[in-house]
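A closer look at the structure
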Amino acid sequence: MRRPASDHGPHHQAREAVHAGVLLVAASAVTGVGNLAFNVVVARHAGAATYGELGPLLALATVAGFLANGTMYATARLAARSAVSAPQLFMRSLRACIPYLSLSVGLAIASAPVASFLHLRSPAPVGLAAVLVAAIVVGAASNGILIGRRRFRVLAAVTIASAVLRLGGALPLAHLAGPLLGSLVASIVPAVVTLAVTVPIALRSAPASGSLTDGATSGPRLTGGVRGGLLGAALWSVWIVPVVLGRHLLTPAATGHLVAGQTIASSVLYLASPIVTAFFPANAAAAQARTARLGLGLTAMIAAVAGLGLVVVGPIVFPLLFGSSYALSRPLLGSLAVSAATVACVSYSCWLAVARGHGLGWAVGWPVAALGLVLPLALMLGRVPVFLALSPACALLVTGLIGTSLVRWPAHHRMAPVSLVPTRVARDEVEIIGD
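Figured I'd write up the structure that's included with this text. Because the structure is a prediction, the values reported are computed rather than measured.

1. Considerations on a nonpolar patch on the surface
A surface patch of nonpolar side chains, amounting to about 440 Å² of accessible area, comprises Leu308, Val312, Val313, Ile316 and Val317. As for its placement among the helices and strands, valine 312 is situated in helix H11 (residues 289–322).

2. Observations concerning the packing of aromatic side chains
Under the criterion given, the structure shown has four aromatic pairs. When the centroid spacing of 4.6 Å and the interplanar angle of 40 degrees are considered together, the rings of tyrosine 73 and tryptophan 351 count as tilted. In this pair, tyrosine 73 is assigned in helix H1 (residues 9–81) and tryptophan 351 in helix H12 (residues 330–356), connecting sequence segments 278 residues apart. Comparing tyrosine 73 with tryptophan 351 shows no difference in burial state: the two are buried. Its guanidinium or amino end placed over the ring of phenylalanine 38, arginine 166 lies 3.8 Å from that ring's centre, counting from NZ or CZ.

3. Brief notes about the packing of H12 against helix H13 (residues 360–381)
What describes two packed helices is the angle between their axes and the distance between those same axes. At a minimum axis distance of 8 Å, the contact between H12 and H13 shows a crossing angle of 155 degrees. Taken as axis vectors, H12 and H13 run roughly antiparallel relative to one another. Considering how the two elements wind past one another, H12 and H13 form a crossing that is left-handed. Across the interface between the two elements, Val346, Ser349, Cys350, Ala353 and Val354 of H12 pack against Leu360, Trp362, Ala363, Trp366 and Pro367 of H13. For the contact of H12 with H13, the class distribution of residues is nine nonpolar, one polar and no charged.

Conventions used here
Residues numbered from 1 in each chain as written. Predicted model: local features only at pLDDT ≥ 70, side-chain atom pairs only at ≥ 80, totals over all residues. Heavy atoms only, no water. Patch = residues over 30% accessible without salt bridge, like charges linked within 9 Å, V, L, I, M, F, W, Y side chains within 5 Å. Areas by Shrake-Rupley, 256 points an atom, 1.4 Å probe, with all protein chains shown as cover. Salt bridge = Lys/Arg side-chain N within 4 Å of Asp/Glu carboxyl O. Helix = DSSP H or I, 4+ residues; strand = E, 2+ residues; numbered from the N terminus. Phe/Tyr/Trp six-rings, centres within 6.5 Å; stacked < 30°, edge-to-face > 60°. Buried < 20%, exposed > 50% of the residue type's maximum accessible area, 1.4 Å probe, protein only. Lys NZ or Arg CZ within 6 Å of the ring centre and 35° of its normal. Axes fitted to C-alpha atoms, helices over the stretch in contact; angles between N-to-C directions. Parallel < 35°, antiparallel > 145°, perpendicular 65-115°, else oblique. Left-handed = near helix turned anticlockwise from the far one by under 90°. Contact = heavy atoms within 4.5 Å. Nonpolar A, V, L, I, M, F, W, Y, C, P; charged D, E, K, R; others polar.

Below you can see the structure in the form of structure tokens.
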């Protein structure tokens, strides 16, 4: 028997999501400052050559994070919509993570040839990177339960503590193990400590009152994590295309300016992305259009304010952070801000579709189609840095309009209202996502 979508009503869920969003945005801002400080400390202490060795290894962790996001939000949706016990949820999520954990094991086994390809002096850094990847993937299981069961204070606390612990261990561990190994260990320790804290709390997390839409305790299955991971990876790829192609299309100095600008512009995404997390359980538990629109509006507002701040203070701050040679123009920063805001809003819309359990093909297809368009678009416009920086926004808007028109066309004959974000939820659906 299905329970009411909310015993407290949509207004309570919306207020709860807003409060969680404020908390997580604040935590994200503190964490962003900590991570920036970590990179500055490591870069200054290690030097350009060693910092260049660290970059590809940390990039593997970034990829693992995007892949794990699919499983994390699949777990969060099941946690928000069903009465499945937390230990059962955790084990199902771990089983869904097995392919990604296998990649971590494969990376450890192939550490010697990978180290040779990256021109590293030892395979040890690759082995440590494999440990970091595994910790991030396992963390998706516990974090997904905490999100679905709305334990946002725990998430905010461990996020901030992890950034502080990482920054605090950077220099001591670099002195003990060397800059490269020390930096990797300084990244692994917070991830492992976070697991030690979040897993027991997640396993004791009971379903949130009034958040369940199905009383089943064993029937629902956790599926769809792979496609969720593809969604996140494709959207991030759209964002980084200008930097990748800029190396081939622009002068070295112009490329350096673009890389520096996009590095700071990524803060717009980091500040806006917590709204996805905060609103995910409310959007999963009950398909309330008002709550969905509120989340999208907050995402757009945060992205707009952060982007405006980037344009206003960026030309002043950049020379202080990166050196006097980084004199970035406001048109370039404005283009990056527009693209970042577009990516943030599209990200919310796609994860909204995942939360509601309908339109996953649309949610994954949009960023994948945009990735196919942004490549030729960037090649055509890429000789001008401002246009290159705008290419992600253009690709996402064009593919979104085309996708919306394709969805509207058959519905036009039925005179059925169709919105940009799919909102229909199957009546008997209890699975995370029907693969």
